[in-house]
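# Notes for the structure review
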Amino acid sequence: MYPCWERKPEYTRYKLNAVEYATGWQEIDNKWYYFDENGNMLKDIWLYDKDNWYYFNDNGEMVKDEWKMFNNDWFYVNNDGKMLNSIWIKFGDSWYFLDETGKMVKKKWIKYENDWFYLNNSGIMAVDTYISNKGKYYYVNNRGALESIVKKSKINKK
């Protein structure tokens, strides 16, 4: 009979015995959940705990290894459920950069170590291409790093 789920329209709790509910972090059936001090499961919310952000979906499960849209910005949580920040992420064949808040950088140049990189409208790092801006073209190499700046007229002559 115990432990068992107690589901009501206003809350979901995990009952440990006849009088006690789970609180804090709980691993149940290989999934992680978080319960507040009253035993209520967190759902569809970010939690800041021990210097890290975690996201819990509408089933209350901690999200792992996926992108999460929040306030029209994309964030990435790793396999431990932690939101990453200030880091490059390779997803499929594309590279993305997450800023210090964890938000995916889009439509912007960033300086990383000693090189400049351009992230397009989708947040994908531009590679082996020209980026146009105000009559100039910026060439990024196969690593995505800025290599040269040329005027439009020189591009057209090639």
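Described in the following lines is the structure provided in the data block. (Residues numbered from 1 in each chain as written. Predicted model: local features only at pLDDT ≥ 70, side-chain atom pairs only at ≥ 80, totals over all residues. Heavy atoms only, no water.)

Moving on: the side chain of Lys15. Inspection of the secondary structure assignment puts Lys15 in strand 2 (residues 11-15). Among the residues examined, Lys15 registers a relative accessible area of 16% and is labelled buried. (Helix = DSSP H or I, 4+ residues; strand = E, 2+ residues; numbered from the N terminus. Buried < 20%, exposed > 50% of the residue type's maximum accessible area, 1.4 Å probe, protein only.)

Let's shift gears to the packing of aromatic side chains. Scanning the model with the defined rule gives 25 aromatic pairs in all. A connected cluster of aromatic rings, assembled from ring pairs, spans Trp25, Trp32, Tyr34, Tyr54 and Phe56. One residue, Arg13, lies across the ring of Tyr11, its end atom 3.8 Å from the ring centre. (Phe/Tyr/Trp six-rings, centres within 6.5 Å; stacked < 30°, edge-to-face > 60°. Lys NZ or Arg CZ within 6 Å of the ring centre and 35° of its normal.)

Our next topic: the nonpolar core. In terms of nonpolar packing, the biggest core is built from eight residues, these being Trp88, Phe97, Val105, Ile110, Phe117, Leu119, Met125 and Ala145. Dropping the residues within four chain positions of it, Leu119 is found in contact with Trp88, Trp95, Phe97, Val105, Lys106, Lys107, Lys108, Ile110, Ile124 and Met125. (Core = buried A, V, L, I, M, F, W, Y, C linked by side-chain atoms within 4.5 Å. Contact = heavy atoms within 4.5 Å.)

It is worth spelling out the pattern of salt bridges at this point. This model, assessed by the stated rule, comprises three salt bridges. Residue Arg143 pairs with Asp115 through a salt bridge whose shortest N-O separation is 3.0 Å. One end of the pair, Arg143, is in the loop between strand 14 (136-140) and strand 15 (146-151); the other, Asp115, is in strand 12 (residues 115-119), and 28 residues separate them in sequence. Residue classification places Asp115 among the partly exposed positions, given a relative accessible area of 25%. (Salt bridge = Lys/Arg side-chain N within 4 Å of Asp/Glu carboxyl O.)

Judged from the five bridges that link them, strand 3 (residues 24-28) and strand 4 (residues 31-35) form a sheet pairing that is antiparallel. Residue pairing across strands places Ile28 opposite Lys31, the latter belonging to strand 4. Taking the residues that link successive antiparallel strands as the turn, the strand 3-strand 4 hairpin has two residues, and the phi of Asp29 there is positive, at about 50°. (Pairing = 2+ DSSP bridges.)

Note that Phe75 resides in strand 8 (residues 73-77). Residue Phe75 is classed as buried on the basis of its relative accessible area, which comes to 10%. Expressed as a C-alpha distance, the spacing of Phe75 and Ile28, which sit 47 residues apart in the sequence, is 25 Å. Ignoring any residue separated from it by four or fewer positions in sequence, one finds Phe75 in contact with Trp46, Glu66, Trp67, Lys68, Phe70, Met83, Thr101, Gly102 and Lys103.

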